[in-house]
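# Examining the three-dimensional arrangement
Letter by letter, the chains look like this.
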Amino acid sequence: MTIKRMDHVGIVVDDLKAAAAFFAELGMELVGEAPVERRWVDRADRVNDTAPY
């Protein structure tokens, strides 16, 4: 069985290149990337339950 698609996954890693290589080994392809800032990520992921709905 192969992975056909994965959308909207947030993964925190220390080594982005190593993580990308890991997923490439699973047969996945990087389609795009964008920088995000911690404050936005904390709010979007409801870290410490501080993000309003």
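Described in the following lines is the structure provided in the data block. (Residues numbered from 1 in each chain as written. Predicted model: local features only at pLDDT ≥ 70, side-chain atom pairs only at ≥ 80, totals over all residues. Heavy atoms only, no water.)

### Description of the packing of aromatic side chains
Describing an aromatic ring pair means giving the distance of the ring centres and the angle of the ring planes. This is how it is decided: In this scheme Phe, Tyr and Trp rings, the latter by its six-membered ring, pair at centre separations within 6.5 Å, and the angle between planes marks the pair as stacked below 30 degrees, edge-to-face above 60, and tilted otherwise. Remark: exposure states derive from per-residue accessible area (1.4 Å probe, protein chains only) relative to the maximum for the residue type, with buried under 20%, exposed over 50%, and partly exposed in between.
One pass over the structure, following the stated rule, counts 1 aromatic pair. Plain terms: the ring middles of Phe22 and Phe23 are 5.1 Å apart, the flat faces sit at 80° to each other, and that makes the pair edge-to-face. Judged by its relative accessible area of 48%, Phe22 falls in the partly exposed class.

### Regarding the layout of surface pockets
The test is simple: A cavity here means a set of points on a 1 Å grid, drawn over the protein atoms and nothing else, where a 1.4 Å probe fits but cannot get out; a pocket is an open set with protein on both sides within 12 Å along at least five of seven lines, and a residue lines either one if it has an atom within 4 Å of a point. Grid points are joined across faces, edges and corners, and a volume is the space filled by probe spheres set on the points. Runs of E in the DSSP output that reach at least two residues are strands. Runs of H or I that reach at least four are helices, and both are numbered from the N terminus. Charged residues are taken to be Asp, Glu, Lys and Arg, nonpolar residues to be Ala, Val, Leu, Ile, Met, Phe, Trp, Tyr, Cys and Pro, and polar residues to be all remaining types, Gly included.
What the largest pocket holds in volume is close to 1,600 Å³. Looking at the largest pocket, it is lined by 33 residues, and the ones nearest its centre are Val9, Gly10, Ile11, Leu30 and Gly32. Those elements that place two or more of their residues in the lining of the largest pocket are α1 (16–25) and α2 (38–44). Broken down by class, the residue content of the lining of the largest pocket amounts to 20 nonpolar, 4 polar and 9 charged.

### Observations concerning a nonpolar patch on the surface
Let me state the cut-off plainly: Patches in this entry comprise residues that are over 30% relatively accessible and not in a salt bridge; like charges within 9 Å are linked, as are nonpolar side chains (Val, Leu, Ile, Met, Phe, Trp, Tyr) within 5 Å. Under the convention used here, a 1.4 Å probe and the Shrake-Rupley method define accessible areas, while residue burial counts only the protein chains that appear. Counted as salt bridges are all cases of a side-chain nitrogen of Lys or Arg within 4 Å of a carboxyl oxygen of Asp or Glu.
A contiguous nonpolar surface patch, about 720 Å² in accessible area, is contributed by Ile3, Met6, Val9, Ile11, Val13, Leu16, Phe22 and Leu26. With respect to the secondary-structure elements, Val13 resides in the segment before α1.

In short, the description is geometric, and any link to function would need to be established separately.
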